[in-house]
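# Results of the structural survey
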2 protein chains.
Amino acid sequence: MSRLIKELAKLPGIGPKTAQRLAFHLLELPRDEVAQLATAIVEAKDALKFCAVCGHLTEESPCQVCQDTTRDHRLLCVVEEPKDVIALEKTREFKGIYHVLHGALSPLEGIGPEELNIKQLLNRLQTAEIDEVILACDPDLEGEATALYLAKIIKPLQIKVTRLARGLPVGGDLEYIDEVTLGKAIEGRQEL
Amino acid sequence: MSRLIKELAKLPGIGPKTAQRLAFHLLELPRDEVAQLATAIVEAKDALKFCAVCGHLTEESPCQVCQDTTRDHRLLCVVEEPKDVIALEKTREFKGIYHVLHGALSPLEGIGPEELNIKQLLNRLQTAEIDEVILACDPDLEGEATALYLAKIIKPLQIKVTRLARGLPVGGDLEYIDEVTLGKAIEGRQEL
């Protein structure tokens, strides 16, 4: 029992109390339901791998996005993590393809360009015909640094480099938006 | 006592319980401190009025922003409320002048163009020399409707009309941003 609690408590957002509650709940379930959960965890881990082309999580490599010929393969969106691909897919706005870096530059944590999926990105840009690279890194310090670094090494390849707009979140209230974002929204104002 | 509690409970965000706690706290204070608070409330109410030019809250009319000759009087930012002026001033990004509408169009609540400070806005645009109007309405339904309405009536005056950028809040995390905002951020992406 204490081993189960310890394993559960390793999950993100689950502390010792929640782990204990989960463990007791699992013990009360019928055996086959518990076995189903255990199998699902191991199967997912075994079946999912990273796409050899873009680095996204997938069961088959290349992934479905990379294989989809109806998408615009000349428009490449660079993101930090597979979950960012999922967030962008939900918008239904983006019809291009992706490249997942698996992290952001962070000298403090010892993450340099070598630790990220950047070499593969440059290979793709040199071999495939790509018109525009959208840098969709997180709008935080590490993400900004990563975007600037990538822009510097991609520009010599004569490829257009853009990044996601900074500004007001839709549905918000002007007075509750932080000053830096509001400043960026003024700076990036667009003609109506 | 119950009258005091009732008056306090009318304030926004203050329910009957909090009103009671505030009332008891006020009763425990020395008499001169209570009198100071009461005077401050009435004096603020008496001293503050709306600027005759822009509609912002001010002690003197025209307000300090309207009087400031170091600001760019050819760049006019339209906002819904005086508190939006304060939010924009905090960014230190904006060096133009303001116009406060005192609300947004809302047919459901019976707020049409006549109820807002729009006639005065048109007067200003026709008499003063203004190069650009930034519509800084809230990024919600009413705000969008107000901005579109204003854009329609300002454009014939041959004045450039812009609005604040929609996009990622600075310091955020891509995966936690709502789909609509993320979609706008892709749409409004900017060249690096």
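Reading the values: the criteria
Residues numbered from 1 in each chain as written. Chains lettered and ligands numbered in written order. Predicted model: local features only at pLDDT ≥ 70, side-chain atom pairs only at ≥ 80, totals over all residues. Heavy atoms only, no water. Pairing = 2+ DSSP bridges. Helix = DSSP H or I, 4+ residues; strand = E, 2+ residues; numbered from the N terminus. Contact = heavy atoms within 4.5 Å. Axes fitted to C-alpha atoms, helices over the stretch in contact; angles between N-to-C directions. Disulfide = S-S within 2.5 Å. Salt bridge = Lys/Arg side-chain N within 4 Å of Asp/Glu carboxyl O. Polar contact = N/O pair within 3.5 Å; in protein donor to acceptor, adjacent residues only side chain to side chain. Nonpolar A, V, L, I, M, F, W, Y, C, P; charged D, E, K, R; others polar. Least-squares fit on C-alpha atoms with pLDDT ≥ 70 in both. Domains from an automatic or database assignment. Parallel < 35°, antiparallel > 145°, perpendicular 65-115°, else oblique. Left-handed = near helix turned anticlockwise from the far one by under 90°. Buried < 20%, exposed > 50% of the residue type's maximum accessible area, 1.4 Å probe, protein only. Lys, Arg positive; Asp, Glu negative; His and termini not counted.

With that settled, the discussion passes to the sheet that holds strand E4 (residues 97–100) of chain A. Strand order in the open sheet formed by five strands is E4(A)-E3(A)-E5(A)-E6(A)-E7(B), and the pairing between neighbours is mixed. A single partner strand is all that each edge strand has here, and the edge strands are E4 of chain A together with strand E7 (190–191) of chain B. Bridging between strand E3 (residues 75–79) of chain A and E4 of chain A involves four bridges; their strand directions are parallel. Residue Leu76 of chain A lies in a different strand from E4 of chain A, and its bridge partner there is Ile97 of chain A. Across the sheet, helix H6 (residues 118–127) of chain A is in contact with E3, E4 and strand E5 (132–135) of chain A; its angle to E4 of chain A comes to roughly 150°. Strand contacts of helix H7 (residues 141–154) of chain A: E3, E5 and strand E6 (160–163) of chain A, with the helix running at about 165° to E5 of chain A, the strand carrying the most contacts.

Our focus in this paragraph is the state of the cysteines. All names here are of chain A. Enumeration according to the criterion identifies zero disulfides over all chains in this entry. You can see Cys51 has no disulfide; the closest cysteine sulfur is in Cys54, sitting 3.7 Å from it. For Cys54, which is in no disulfide, the shortest distance to another cysteine sulfur is to Cys63 and amounts to 3.7 Å.

Further remarks concern the sheet that holds strand E7 (residues 190–191) of chain A. Read across the sheet, five strands follow the order E7(A)-E6(B)-E5(B)-E3(B)-E4(B) without closing on themselves; strand pairing throughout is mixed. One side of each edge strand has no neighbouring strand; the edge strands of this open sheet are E7 of chain A together with strand E4 (97–100) of chain B. Across the sheet, helix H7 (residues 141–154) of chain B is in contact with strand E3 (75–79), strand E5 (132–135) and strand E6 (160–163) of chain B; its angle to E5 of chain B comes to roughly 165°.

Right, let's talk about the interface of chain B and chain A for a bit. Facing 50 residues of chain B, the contacting portion of chain A comprises 51 residues. Arg189 of chain A is paired through a salt bridge with Glu132 of chain B; the nearest N and O atoms lie 2.5 Å apart. Along the contact surface separating chain B from chain A lie 18 residue pairs in polar contact (both at pLDDT 80 or more). Elements that contribute at least two residues to the side of chain B that touches chain A include exactly helix H5 (82–91), E5, H7, E6, helix H8 (179–187) and E7 of chain B. Within the side of chain B that touches chain A, the residues separate by chemical class into 23 nonpolar, nine polar and 18 charged. Across two bridges, E7 of chain A lies against E6 of chain B in antiparallel orientation. Its bridge partner lying in E6 of chain B, Glu191 of chain A is registered against Thr162 of chain B.

Moving on, we get to the relation of the copies chain B and chain A. Rotating chain B by 180° about the axis while translating it 0.0 Å along that axis superimposes it on chain A, leaving an RMSD of 0.0 Å. What the rotation and shift describe, once combined, is the action of a two-fold rotation axis. The position closest to the rotation axis in chain B is occupied by the C-alpha of Gly167 of chain B, lying 2.1 Å away. Interface overlap between copies: 100% of the residues of chain B at the interface are likewise at the interface in chain A, consistent with a symmetric, same-surface contact.

Partitioning chain A into domains gives domain 1 (2–47) and domain 2 (72–163). Placing a centre on the C-alpha atoms of domain 1 of chain A and another on those of domain 2 of chain A gives a separation of 35 Å.

Moving on, we get to the packing of helix H1 (residues 2–9) of chain A against helix H2 (residues 16–28) of chain A. All names here are of chain A. At their nearest, the axes of H1 and H2 sit 8 Å apart, and the two run at 125° to each other. Judged on the interaxial angle alone, H2 and H1 are oblique. As H1 packs across H2, the resulting crossing turns out to be right-handed. Along its contact with H1, which presents Leu4, Ile5, Leu8 and Ala9, the element H2 presents Pro16, Ala19, Gln20, Leu22, Ala23 and Leu26. Residues of the contact of H1 with H2, tallied by class, amount to nine nonpolar, one polar and no charged.

What follows covers the pattern of salt bridges. Applying the stated criterion across every chain, the model contains 16 salt bridges over all chains. Here Arg74 of chain A makes a salt bridge to Glu129 of chain A, at a shortest N to O gap of 3.3 Å. Of this pair, Arg74 of chain A sits in the loop between helix H4 (64–67) and E3 while Glu129 of chain A sits in the loop between H6 and E5, and the two are 55 residues apart along the sequence. With a closest N to O distance of 2.8 Å, Arg74 of chain B and Asp131 of chain B form a salt bridge. Here Asp131 of chain B lies in the loop between helix H6 (118–127) and E5 and Arg74 of chain B lies in the loop between helix H4 (64–67) and E3, a separation of 57 residues in the sequence. Asp131 of chain B gets classed as partly exposed once you look at its relative accessible area, which sits at 42%. Linked through salt bridges whose partners overlap, the residues forming this network are Arg74, Glu129 and Asp131 of chain A.

Below, the discussion takes up the side chain of Asp84 of chain A. In this structure, Asp84 of chain A sits in helix H5 (residues 82–91). Despite its burial, Asp84 of chain A pairs with no opposite charge, the nearest such side chain being Lys83 of chain A at 6.8 Å. The residues touching Asp84 of chain A, leaving out its near neighbours within four places in the chain, are Val79 and Asp138 of chain A together with Leu174 and Glu175 of chain B.

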